[in-house]
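Structure at a glance
If you want the building blocks of each chain, they are given just below.
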Amino acid sequence: MSEVIGLVLPFFGLIFMGFVVARITRQPLEALGWMTTFIVYVALPALFFQLLAKTPFERLTEWGYISGAVFSTFVIFMLMFTACCIRARGEIAESTIKGLASAYGNIGYMGPGLALLAFGEEAAVPVALIFCFENIMHFTIAPMMMALAGDEPRSPMNVASDVVKKIAFHPFIIATAVGVLAAYAEFRPPLPVERFLEYLSRAAAPCALFAMGVTLALRPLKRVPHEIVPIALLKLIVHPLLCYVVLSWVGNFSPVWLFSAVLLAALPTATNVFVIAQQYGVWVERASASVLVTTCVSVLTVTGLLYMIQHGILPPDLFP
């Protein structure tokens, strides 16, 4: 158990440090802008590119793995969306945000840092693949469902154009695509560039986790939604369990790849869910509460998951 605590303590400690520092210094949320820009546009793309470019190309085309992970996430979204839509008698917009809160994990900020700490550099490839394809799904679902809700008088062409732009110009996805091309061409950057990318990569996880703590501190919990229990259960328990079963059934993947996907599925609600809610003016305060509550509870659930993985309680293949 001490090994697992030693693994997660620095990780969640950075989030806690960001939370405490933000409470003490009382800086406005806008002061975080340049750090967020550095993380999203520089540090994490450098990390994804550097690790993907060094990976044999044939390992980047595991379509069964990608399909299994994305399918698990979509099922969780549909479970929450359908239940809320039935209960609210067809309220699509609010049901969409609740579905995203149950399925959209913090795979951008928390995923790479924790997976690399837990499983080593081999986890970088599955993390990057899951991030890329799950975000394509989320970037497609949100504007499409909001357009169906009728809250925005936009043509299907405008919605489709917005989706394509969000996918094509996202820095993580661009870095992933360039990394895959570099792996295919077996390209290695010159040594000074390699060192520069490594320097940036090392800053990615600490900065991202600290920024997440600051964000949680500056968005105080004003109202706990009554849906928080099913959201937390779906996101932190059902999602990783479903991902584990599906990937075990789909194919014989390496333990690192399987457990990386399960770990990403177990992460709390992404801060992007709050951003999407704010963008459309739907369920905003309660989306923020979902991020905060699931992040706090994930300290226990993620620690428990890593304990089961490290001690062999969770076998690397459910269907040997």
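Our subject is the structure listed above.
The structure displayed is predicted, hence computed values, not measured ones.

Another aspect to go through is helix α5 (residues 111-119). Most of α5 sits inside the fold, with 7 of its 9 residues counted as buried. All of the buried residues in α5 are Gly111, Pro112, Gly113, Leu114, Ala115, Ala118 and Phe119. Buried residues belonging to α5 abut α1 (2-25), α2 (33-53), α6 (124-149), α9 (191-218), α11 (255-265) and α13 (284-310). Gly120 lies just past α5 and shows a positive phi near 90°.

Moving on: the pattern of salt bridges. Within the structure shown, the criterion is met by 4 salt bridges. Measuring nitrogen to oxygen at the nearest pair gives 3.1 Å for the salt bridge that ties Glu194 to Lys54. Pair noted here: Glu194 is in helix α9 and Lys54 is in the loop between α2 and α3 (63-87), with a separation of 140 residues, a long-range link. Of the residues examined, Glu194 reaches a relative accessible area of 16% and is grouped as buried. On the basis of relative accessibility, which here comes to 42%, the residue Lys54 falls in the partly exposed class. Lys98 is paired through a salt bridge with Glu94; the nearest N and O atoms lie 3.0 Å apart. With Lys98 and Glu94 both in helix α4 (residues 92-103) and 4 residues apart, the pair spans about one turn of that helix.

Judged by nonpolar contacts, the single largest core of 103 residues is most densely connected at Ile97, Met110, Phe119, Leu263 and Leu306. With 14 residues, α6 is the single largest residue contributor to this core. Leave out the neighbours within four places in its chain, and Leu306 touches Val4, Leu7, Val8, Leu114, Ala118, Phe119 and Leu263.

The N-to-C vectors of α4 and helix α12 (residues 271-280) enclose an angle of 170°; their axes lie 9 Å apart at closest approach. As the angle between them shows, α4 and α12 are arranged roughly antiparallel. Contacts between α4 and α12 pair Ile97, Leu100 and Ala101 from the former with Val273, Ile276 and Ala277 from the latter. Counted by class, the contact of α4 with α12 contains 6 nonpolar, no polar and no charged residues.

Mapped onto the elements of the fold, Lys235 is located in helix α10 (residues 228-250). Here Lys235 sits buried without a salt bridge, and the closest side chain of opposite charge, Glu134, lies 7.3 Å off (N-O distance). A polar contact is formed between the side chain of Lys235 and the backbone oxygen of Leu267, at a distance of 3.0 Å. Discounting chain neighbours no more than four positions away, the residues touching Lys235 are Ala101, Ser102, Ala103, Tyr104, Gly105, Pro240, Leu264, Ala265, Ala266, Leu267, Pro268 and Thr269.

Parameters and conventions
- Residues numbered from 1 in each chain as written.
- Predicted model: local features only at pLDDT ≥ 70, side-chain atom pairs only at ≥ 80, totals over all residues.
- Heavy atoms only, no water.
- Buried < 20%, exposed > 50% of the residue type's maximum accessible area, 1.4 Å probe, protein only.
- Helix = DSSP H or I, 4+ residues; strand = E, 2+ residues; numbered from the N terminus.
- Contact = heavy atoms within 4.5 Å.
- Salt bridge = Lys/Arg side-chain N within 4 Å of Asp/Glu carboxyl O.
- Core = buried A, V, L, I, M, F, W, Y, C linked by side-chain atoms within 4.5 Å.
- Axes fitted to C-alpha atoms, helices over the stretch in contact; angles between N-to-C directions.
- Parallel < 35°, antiparallel > 145°, perpendicular 65-115°, else oblique.
- Nonpolar A, V, L, I, M, F, W, Y, C, P; charged D, E, K, R; others polar.
- Lys, Arg positive; Asp, Glu negative; His and termini not counted.
- Polar contact = N/O pair within 3.5 Å; in protein donor to acceptor, adjacent residues only side chain to side chain.

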